[in-house]
Every structure is written in C-alpha cells, then in structure tokens.
Amino acid sequence: MAIFQITFLLALLSLRTYQTKVFSEPLPLAPESLEVSVNSTHQCLHLQWSVHNLTYHQELKMVFQIEISRIKTSNVIWVENYSTTVKWNQVLRWSWESKLPLECAKHFVRMRSVVDDAQIPEPKFWGDWTSWEEVDVRRSLGPDPLFVFPKDKLVEEGSNVTVCYVSRSHQNNISCYLEGILMHGEQLDPNVRVFHVNNVPFIRETGTNIYCKMHQGDVIKGIILFVSKVFEEPKDFSCETRDLKTLNCTWDPGNDTGLLTQLTPSYTLLESFSGKKAICTHKTWCNWQVAPDSQEMYNFTLTAGNDLRKRSVHLLFNLTHRVHPLAPFNVVFKNVSTTNATMAWRIHSVGNYSTLLCQVEVCGEGKVIQKQNVSVKVNGEHLVKNLEPYTEYAAQVRCAYASHFWRWSEWTRHNFTTAEAAPSEAPDVWRNVKSMQGHCVVTLFWKPLSKLQANGKILFYNVVLEHLDGPSTLKLLSIPAPANGTELILDQCSYEIHVTANNSVGSSPASVIMVSRDPGSKDVGEERVKGTKRGFALSWKPQPRGVTGYVVEWCQCPGDPLCDLRWKSLGPNATSTLVSSDAFTPGVRYNFRIYAISTERIPYLLERKTGYSQELAPSDNPQVLTSNLTASSFTLSWKDYPAESQPGFVQGYSLYLKSKAPQCLPGSEKAVLPDNSVCCKYKIDNPKQKTFVVENLQPASFYEFFLTPYTSVGEGPLGAFTKVTTPDEYSHILIRILLPMIFSILLIMILCYLKSQWMKEKCYPDIPDPYKSSVLSLIKSKENPRLTIMNVKDCVPDAIEVVNKQEGTRKSLTDTEPAKHSYLYVLPTEKRYPGPGPCICFENFTYNQAALDSAACGHVPAPSEAQPNQLGLVTSSEHVLKALGKNYVNSLGEIPAGETNLNYVSQLASPLCGDQSSLPTNPPEPVLCSEYKMQMAIPVGLASPPSIPLLEEGEH
C-alpha cells in the first residue's frame, strides 16, 4: 500500500509538471496544407489551408498574414492580415483578385499565423512562414505565338483595366490597339507587355474591342472587354396592400447597364422583424405574404446586385397605413327620371368590418358638375339630383381606406341618360320672301334646338299657316327632322306662320313670323364696314317706334348659288352686335342686312352693310385699251373691270410708265418696281374712273405702261408692260404728200412696164457693134495687109471734130469750099514722139444717118515720116482715097447734109480732105494702148469753141 501510494504521488507530480510545461510554452498552431487555385474568369487566387494542432471542440481567434509576390519572391506586391476564428478540423479559405491578369506573370504565395485569443496568455508572436507556393498560369497556355489577356473581362464604365499580351518571341514587334487607337504600355519581361486603360467608356452593348498585331506573320489576337453602365440602386421603393393579406412591393430599377446578357440583375427582399427572405423573380415588383400573426410593422430591405455591384434600399411602414383598396364594381343606375337618378355600387372587403370612403363624380359635356363623398361598408348608394332632361352623363366612383388614408382606388365609370321632356324653347325662325309670277315664294329657315332646349330627340317640325286677309283658315305642314327649312308658295296675301319643334313627349313653344301683302320695303343705301379677326362689329340707329327685335342677315358663302343663309336674332333694345364666324374667309365680301321686327311681327329692311373680314390686295388687273394716240398723248380705258369681285375695296389705280426720259412727267413721281427697275407712277384716286389720258409726251418716242388697282392692303400683281410709240409731229403731213407721190410713181411704173418696147426704142436704142462696121473693110494696110478689123485697144480717140453745117443744104463730095473745123481734145497728150503721128478717120454710121459734104472728115496733121513703132497703116491722103474707092465716096455723097455735125477722129487718122491750113499747129500727139471711149453726139448749137479741153490730165 505504501509503495502504491508513493507511486501514485510520483505519477501525479509528473502529470502536474507536464501540464505546467504545456501551458507555459505556446502551442505550435501554424497553417498547414496550403493550396492555391486560379480562377481565370475573375482573375482571382483562391487559398485554402487548415490548422491541425487544435484540440477537439477548441476554438481560437487567429490572425493569418498573407504575402503575394509577382515574377520573383522578393517582389512582394500584396500583404494582408486575415483574422478569423479557427475551429478544430476546419478548412480556411481566402481569395485575392489581381488587377494584372494572372496569365501575364508568375505569382508566389506564403503565409504565417499568430494566436489572438484571450485564452492564450502573453507573449504573442508570429509563427514561421510557410514555403512559397508558385502559381504560373502561362504553363497551361497553348503553342500559339501570341496571347492577349484578360479574356472576356466584365467591368463597369469608368473603371481602370490592365491588359497584357504574352508572346513566344523576344522581339518587340507587336502593336496593340483599343478600338483602332494605338496603346502605349510598359515591358514587364521580354515576352510580356502591360497596358493600363483608365476610365473605360461604354461604347456598345456587344463590348469594346482590344487586339494586338504581330507584324511578323500578320498574327492578330484580341479580346472583348465588356463594359457596363453603372448599376443604379432601385428608386421609388414602396409597398402596399389591397386586402390586408398580400403586400405588393414595387420599385423603379433605374437605367439598364447596357449588357443585359452578361449582367442580369437579381433582386432580394428581406424583412428584418421576421427574418424572412424572398427572391424576387420580376425586375420591378415582388409580392410578400402578410404573416397571420397580425404583424403590423414591417422593415424591408431590397437588395439589387449583379456580378459587379450590389445596391440596397430600406423601407419601414405600418401595414394598416398602406391600404390601397380595389376599384368598386357592379355600378348601376336606378329610378332614372328627367332630372334625377340613383347610383349604386359594391366594394371589395378589406379585413374585418372595415369602412371605406367612396367619392362619386358626375360629368356632363366633359366637365364635372357634381362631386360627393359617401361612407360605405359593403354596398354603396347615392342619389344624383338637378340633372337636365334627355342628357347623357358619365358617373364614376372610387374608394379609399377610411381609418388611414393612403391612396384612392381606380375609378369605375358608368354612363346613363336622363328621360326626355318636351322642348323648352321655340325654334329660331327666319324667312326669305320673293315675288314670282303673281305668287309669293316664302323660304322658311329655322335653327336646330340645342340639347338643353330640345330635351329629347326632335322628330319633326310643325308649320301652321294662318290666312289673315280672308276667312281665318289654318293649314298644317309637318316637316320631318332633321330638316332646317321649307319653301312655301303663297298668294299675294298676308299670312301668320307658326313653327314648333316636336319630340316623343311634346312640342315646343311656337315661333311666329308674319308675311305681309305689302312688305313696305324701301331703298336703303349700302354702308361699308370693316371686319376684324373677331368678326364684324355692326351698329344701327334705334327706331323711334316700337319694335319687338332686330335680325341681322348675311350669306355665309357669297357667290355660291346655294347660299348658306345665316341670321342673328336680337332683342328690342339692341343697337349693335358682333357677328363672328370661323367660316369668314379673308378676301371675300360679305353683305349684311339689318331688319327691324315691328309689333305686328312684320320685318322690314333697316340698313345694308358690306365689308371684308380681312382685305387683300387685288387678285387681277383690268384689261386696258389704248386710243387717241397722238404725238404728245394717248388715252387708256378699262370699262369692264369687275371691281366688286376683288378681295378688297378698290380705292383707285396706279399707272406705271417707263420711258427713256430721265425726269418724270408732271403729275407723276418716281417709283421702284420689285425687279429694281425705275419708272414713273401716276396715282388715280377715284375708283370709279375708267379712263386716263397720259399727256406731255415726246413725239416719236417709245413708252411702256402698266395699270393695276390698289386696296387698303396693297396693289395688284405686277404684270407685263404694254408698249406704245408716239407718232412724229409732222407724220400726217408727210403721209398726205407721200401717198399721192407713191401712187403716181406706181402708175408710171405700170405704164412703163406695159410700153417697155416702145420706151426702149425711143429712149435707148441699140448701139451698133464697131467690129461689124463696113467702113473697116475699106481700110487696107500695106504694112499689115491681114489687119482688116480694128480692135478697140489699138487706138484711143482723144479729139472730137465739130463741123458747123447749115441745115437744109446739100453738097456733093466735089465741092471745093472747105468747111471750118473745131477740135475738142478728149485726152491730154504727152510729147512721146518728136512729131505728130498718123491717125485714122472713120465715120460712125449710127449717128451719121446721111452722107456729109466735102467736110465729112476730121483732120489731124500727119507726121512727116512714119515712126517705126506705129502700126504701118496708110499715112497720106492719097493712100486713103485709094483705099476708099469710088463706091465709098458715092455712098457718102448720098447722105443728106446737116443731119449730123459730129465726127470722130482717131489718133492714127490723117486728113483726107478739107483745108489743111486750118489745122492747129500743135495737134495732140497720139497715146498708144488707150481704151476706146464711149462716143457721144453733141448738137450743133452746143459745139464748143476750138481747142476746149474736156478732160484734165490723168482723167479717163
């Protein structure tokens, strides 16, 4: 026993010593089994580990310090202390999101821990680091030469994104682009380049394109960066109940993110008091079942989120303060009369014994005429009073929770019509009276009654005719509705006409109008009235005798054969009225007639007025005729111009005159036309004037004129100018002289044409051909015997021998008394030869009709000896006589003396006969190669004295 006790004490002491040692030294609680995984979609590193040295059910608060390095272990980029409660046999997890895509570089992870629990006494110290865990995603990449990361990344608008490419080549020949714009980055290692894109914009729903191009081999790789709009928090979050059983919560989700397929938002409803949670399947509303334990207060949190962001809103309310009743139903009308109706409806119950406040509105002609509030538990009823007969009304009802008003229910509408009643007003009646073939044609017009006046549907109109001049007889005409008039053919008598409107209940009061046998109409002048946008303001003088009223009559469509007659009935004290109508057209003339209704109900014409609601400029111009055209004036006329059909009152005319004169004529002034041309303008102020004389014009001048009317608004359209030319001042005198002269000349020309052959023989006979003269056949030349015909160019006549003869005497060739000769030198001579040359004398038998006496030849002195350049003709008188022969002398002797006194002498001729001593001492010398000149016979009495030159030197 002693040994047993000693052994037990020693064991107990050993256990206590062990416990003291355990609690005095820290437990080795270090992270173990560290594993790192990669989530490339979200670019995250997921860490998981455990702590093995914890006892069963033991819980300790611990802090884990985590380090992350990039590329190499010494390049620490992230340090974080992660605090958590560690349980026995628990697997711990932690995640880290990398801004740089994990595929772009190696990452290293390690951690250490410290116990931060009150159960463990001080001191506290960090444990040892775990070994580095390497993460290299590039090892899993394929053999492609180029990669771009991150793949299909999802970011919010305005975020910053890091993009990189990984290439298999160390050469830096790769360019990267963001939507076609070159990006600039930094080289991370020889195979990796990093680009930082800040404030990423939203471009399109399908994403933003980023691509890199390797210039060697044209390799292109790219990614799509999905950029969403900023996710907004829900707006207008509200909850209400229709029956205290179900809550309906609604909200406005805000603007879409723009990426509906990639970012579908989710909504969750959480009630704090009950701790219940509901997943909402709709984007804008969610239902919540009210708890059966009569919970009144509710605190809701609506959470909206997507893969990028979460938003939350809160709402606290009392259930009974959010009651929105359903709309009433089964609305009916009972006991409908001409002025009253009973409205009944039913409501949906809200809880047990709830009272609703209902609102009733009655609308007529589009406006609310009655409004009333009624308290209702199950069924509602309301009496609607003060209604109009045969009138359609719209009644509507809505309800709200009476205990705590939150919101009205929807309206429930129902229409009803009150019962008919007899028409309350007499129809407004007017007439038009015309006399035709001994009869009186009366056209009756009446205006349809308004709904308030008709009190029902008008079925027909009764027209009663009462004869006043004879025995009282009545004639009834029934005109079916909707007619608004009828035509009556009456005799020349006085009638009283009654018109009533009738519906299914009764007839209206009668309108009475008189048709007198003697209308007593008088001629009334027409007065102009000016219209405005409001209409025509008409006024008239009050009548001294009693009248029962006035009627203003006009035609709505002037110029239309089917005139739409309108009238306005006024009381007996009226002296003015405003006639307004939306159908009044600018530029149309309206004629008004004002009638007074006597106490005998007989209308008589009082005044006539005419005017335009709005005057316009004339639409056309008159056709102008020109007359009385003189050298200084002309008259214009335009008699057929229809001024009454113009769109305004014609106040006068404007005459435009164009001319070349710089100044305008008296009575006109300068004006500039729309085409910027300048002319003179005459103003004619009298609209009735249809002629105008334009005076003070210039003779033989060109003018253009144009005439247009004008109203108070302006002138008519600018048309084409008419051209007028004034005649010369003496043109009429010249015409009186020239016409007889022209007539005489024409008469003479006709006579000459008829007597042309006779005139030719008397005035200009045929001239003989010198080549055919017989005298040339007598001339023989010994030097040139072949020359038998003399050419014109061979000699030039330069002198004319004038022989003075006594008429009536006859001498033979043997007479010895020589004649005296005179010479006319035709051409000047030059001293080309030392002496005078030979000439040839020949007779022109065209002018010498009879033979001459011994002086028949002209004489020109011959040279003493022949020149070597002459023609070689005969040079002496003997040779000539021999050549002529006896017959020629005899033939000359037979010509009567005195019939001619002109001989033609050639330069080459020699004297044949006569007195040689009488020849001039210095005769003209011949000019060779001269032209043959025209021969002319000179009378004896006009013979020139000797040696008179005819041509000056150098003339031909």
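Here, the structure is the one placed above.
Please read all numbers here as calculations on a predicted model, not as lab measurements. (Residues numbered from 1 in each chain as written. Predicted model: local features only at pLDDT ≥ 70, side-chain atom pairs only at ≥ 80, totals over all residues. Heavy atoms only, no water.)

Peer 1: Sorry, what's going on with the pattern of salt bridges here?
Peer 2: Side chains bearing opposite charge may pair, as long as their charged atoms lie close to each other. Under the counting rule described, the total for this entry stands at 21 salt bridges. Between lysine 283 and aspartate 256 there is a salt bridge, and its shortest N-O distance comes to 2.8 Å. With lysine 283 in the loop between β20 (277-280) and β21 (285-289) and aspartate 256 in the loop between β18 (246-252) and β19 (266-271), this pair connects stretches of sequence that are 27 residues apart. On the basis of relative accessible area, lysine 283 is assigned to the partly exposed category, the value being 36%. On the basis of relative accessible area, aspartate 256 is assigned to the partly exposed category, the value being 39%. A single salt-bridge network, built from bridges that share partners, covers Lys106, Glu134, Asp136, Arg138, Arg139 and Asp189. (Salt bridge = Lys/Arg side-chain N within 4 Å of Asp/Glu carboxyl O. Helix = DSSP H or I, 4+ residues; strand = E, 2+ residues; numbered from the N terminus. Buried < 20%, exposed > 50% of the residue type's maximum accessible area, 1.4 Å probe, protein only.)

Peer 1: Would you explain the state of the cysteines in this entry?
Peer 2: The term disulfide refers to a covalent linkage connecting the sulfur atoms of a pair of cysteines. Counted by the stated rule, this structure contains five disulfides. What pairs with cysteine 239 in a disulfide is cysteine 249, and their sulfur atoms sit 2.0 Å apart. Here cysteine 239 and cysteine 249 share a disulfide; its torsion about the S-S bond, 110°, makes the bridge right-handed. In this pair, cysteine 239 sits in strand β17 (residues 235-241) while cysteine 249 sits in strand β18, placing the two residues 10 residues apart along the sequence. Like cysteine 239, the residue cysteine 249 is buried in the burial classification. One disulfide in the model links cysteine 358 with cysteine 399; its S-S distance is 2.0 Å. Its S-S torsion of about 95° marks the bond between cysteine 358 and cysteine 399 as right-handed, since a negative value means left-handed. (Disulfide = S-S within 2.5 Å.)

Peer 1: I'm lost on unusual backbone geometry in this one. Help?
Peer 2: A negative phi angle characterises most non-glycine residues, just as the trans form characterises most peptide bonds. The omega angle of the peptide bond from phenylalanine 149 to proline 150 is 5°, so this bond is cis rather than trans. Here the bond from alanine 481 into proline 482 is cis, since omega is 10°, no more than 30 degrees from zero. By the secondary structure assignment, proline 482 is in the loop between β34 (474-480) and β35 (485-490). One non-glycine residue with positive phi stands out, namely alanine 700, at about 50°. Positionally, alanine 700 belongs in the loop between β50 (691-694) and β51 (702-710).

Peer 1: Would you explain the environment of leucine 326 in this entry?
Peer 2: Relative to the assigned elements, leucine 326 resides in the loop between β23 (310-318) and β24 (329-334). Look at leucine 326 and you get partly exposed, because its relative accessible area is 35%. Sequence spacing of leucine 326 and aspartate 243 is 83 residues, and the spatial spacing of their C-alpha atoms is 8.1 Å. When residues no more than four places from it in sequence are discounted, the contact partners of leucine 326 are Arg242, His348 and Ser409. (Contact = heavy atoms within 4.5 Å.)

Peer 1: Mind showing me how you'd approach the pairing of strand β26 (residues 356-364) here?
Peer 2: Extensive coverage of β26 is indicated by the burial of eight of its nine residues. Pairing of β26 with strand β29 (residues 392-401), which is carried by eight bridges, proceeds in the antiparallel orientation. Within the sheet, the bridge partner assigned to leucine 357 lies in β29 and is alanine 400. Note that β26 and strand β27 (residues 367-376) share nine bridges and pair antiparallel. Bridging across to β27, glutamine 359 finds its partner in asparagine 373. Counting the residues in the hairpin turn of β26 and β27 gives two residues, including glutamate 365, whose phi is positive at 55°. (Pairing = 2+ DSSP bridges.)

Peer 1: Would you take a moment to explain the pairing of strand β48 (residues 669-672) for this structure?
Peer 2: Put simply, side chains in a regular strand alternate between the two faces of the sheet. As defined by bridge partners, β48 adjoins strand β49 (residues 678-684) across four bridges and the pair is classed as antiparallel. The residue of β49 that forms the bridge with glutamate 669 is lysine 681. Between the antiparallel neighbours β48 and β49 lie five residues, among them asparagine 676 with a positive phi of about 70°.

Peer 1: Is there a simple way to explain the packing of aromatic side chains in this structure?
Peer 2: Both the distance between ring centres and the angle between the ring planes are used here to describe each pair of aromatic rings. On inspection of all chains with the given rule, the structure shows 29 aromatic pairs. Relative to phenylalanine 592, the ring of tryptophan 554 lies with its centre 6.0 Å away and its plane at 45°, an arrangement referred to as tilted. A residue pair is termed long-range when its members are at least 10 positions apart, and tryptophan 554 in strand β40 (residues 547-555) and phenylalanine 592 in strand β43 (residues 589-598) qualify at 38 residues. When the centroid spacing of 5.7 Å and the interplanar angle of 45° are considered together, the rings of phenylalanine 706 and phenylalanine 721 count as tilted. With a gap of 15 residues between them, phenylalanine 706 in strand β51 and phenylalanine 721 in the loop between β51 and β52 (722-725) connect regions that are remote in the sequence. By way of ring pairs, the aromatic residues Phe536, Trp554, Phe584, Tyr590 and Phe592 are connected into one cluster. The lysine or arginine in question, arginine 110, covers the ring of tryptophan 129, its NZ or CZ lying 4.2 Å from the ring centre. (Phe/Tyr/Trp six-rings, centres within 6.5 Å; stacked < 30°, edge-to-face > 60°. Lys NZ or Arg CZ within 6 Å of the ring centre and 35° of its normal.)

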